[in-house]
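Fold and contact review
This is what each chain is made of:
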Amino acid sequence: MHSRPSRAASTCISNHRYEKPISTGRGRDAGETTELDEPRQLPISRRIPTPPPLTPPTPLARLTPILFQTFRLLSVVPAFAGVCYHLSNIYHLQTTHSRLDHLVCLLWGLLTAHQCLRLTTGLLTRWKTYYTPLSTLIRLLALQAICWPATQYTLVLFNHERRPVICWAIIGSTTCVSRSIQIWVTSNLWGPTNVRLEAKGSDATGVRWGPRRWDWIEVGIKCALPMGVVYFFMAWAEALRREISGC
């Protein structure tokens, strides 16, 4: 029969089994020890993510502001073409209409160009706030794809050769109405002259200040007043033309 090991012998074996080997490295003091089985990195340690490397802006990013301004200026092309046409007829009359009629058309063309530019600028500000640069460029081109044919169809539908003043009065009036709608659409954006922003308590980014609202004073000054001035001049020009022609 085998004899059982004594309690002292089992305790010695147990201590030897779970004892961690230690070593003294070279260049260390005799009292400095290092556990060989100690992990190099604790399981609960956090790894700090490295920031992405700084990259210079791409050529497309540098070109985007130039494209914004170029596509914005495209809005005045139809009206500018009409202004040049009627200005040439004022100096060298080539139609059956009087120079006074061409002058009225010139005023309507200038008003149309101004309102188209302001309308496009306001929508561009909104699109740059809500959309990516590529989506904004696409919307700018789509806007011109709508406005250019609309101007051409109006001139053809109302027969510009016979009724130039009526055609440009319709185009200018429609543009002023569209401009007033654009003012309402972008009324919730923070502009440089919007003093009501702080009263509404906008966020830190300064993007929105509240719901849309009709600012009838702004609409009256920027849309109704210029249109009314041109209508006033058109009415007196028509009265003078009748007096001069004897009709």
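Reference entry: report on the structure contained in this document. Everything quoted here is computed from the prediction, not taken from an experiment.

Scanning the protein chain from terminus to terminus reveals eight helices and two strands. The secondary structure elements of the protein chain, listed N-terminal to C-terminal, are α-β-β-α-α-α-α-α-α-α. Counting only residues that meet the buried cut, the protein chain has 29% of its 247 residues in that class. Pairs at least 24 apart in sequence give 62% of the contacts found in the protein chain among residues at least 6 apart. Carbon and sulfur atoms make up 64% of the accessible area of the protein chain, which totals about 18000 Å².

As a further point, take the nonpolar core. Burial of nonpolar side chains together is a common tendency in soluble globular proteins. Among the nonpolar cores identified, the biggest contains 15 residues, and Val104, Trp108, Leu111, Leu155, Val165, Trp168 and Met234 are the most heavily contacted of them. Elements with a contribution of two residues or more to this core: helix H4 (99–130), helix H6 (164–185) and helix H8 (216–245). Here Leu155 is in contact with His160, Cys167, Trp168 and Ile171, once residues within four sequence places are set aside. Membership of the second largest hydrophobic core comes to nine residues, among which are Phe71, Leu123, Leu124 and Leu137.

Before going further, it helps to examine the side chain of Thr136. Within the element layout of this structure, Thr136 appears in helix H5 (residues 133–157). The exposure class assigned to Thr136 is buried, which follows from its relative accessible area of 0%. Not counting the four nearest positions on each side in its chain, Thr136 is found in contact with Phe68, Leu124, Trp127, Lys128 and Tyr131.

On to the pattern of salt bridges. Summed over all chains, the structure comprises four salt bridges. A salt bridge links Glu238 to Arg241; its shortest N-O distance comes to 2.6 Å. Within this pair, Glu238 and its partner Arg241 are both found in helix H8, separated by three residues, close to a single helical turn. The salt bridge partner of Glu238 is Arg242, with a shortest N-O separation of 3.2 Å. Taken together, the residues span about one helical turn, with Glu238 and Arg242 both in helix H8 at a distance of four residues. Residue classification places Glu238 among the partly exposed positions, given a relative accessible area of 28%. Here the salt bridges share partners, and the residues they tie into one network are Asp101, Glu238, Arg241 and Arg242.

If you check the backbone angles, Asn159 has positive phi at about 60° while not being a glycine. Relative to the elements of secondary structure, Asn159 occurs in the loop between H5 and H6. For Asn159, a relative accessible area of 27% translates into the label partly exposed.

Each value, and the rule that gives it
- Residues numbered from 1 in each chain as written.
- Predicted model: local features only at pLDDT ≥ 70, side-chain atom pairs only at ≥ 80, totals over all residues.
- Heavy atoms only, no water.
- Helix = DSSP H or I, 4+ residues; strand = E, 2+ residues; numbered from the N terminus.
- Buried < 20%, exposed > 50% of the residue type's maximum accessible area, 1.4 Å probe, protein only.
- Contact = heavy atoms within 4.5 Å.
- Areas by Shrake-Rupley, 256 points an atom, 1.4 Å probe, with all protein chains shown as cover.
- Core = buried A, V, L, I, M, F, W, Y, C linked by side-chain atoms within 4.5 Å.
- Salt bridge = Lys/Arg side-chain N within 4 Å of Asp/Glu carboxyl O.

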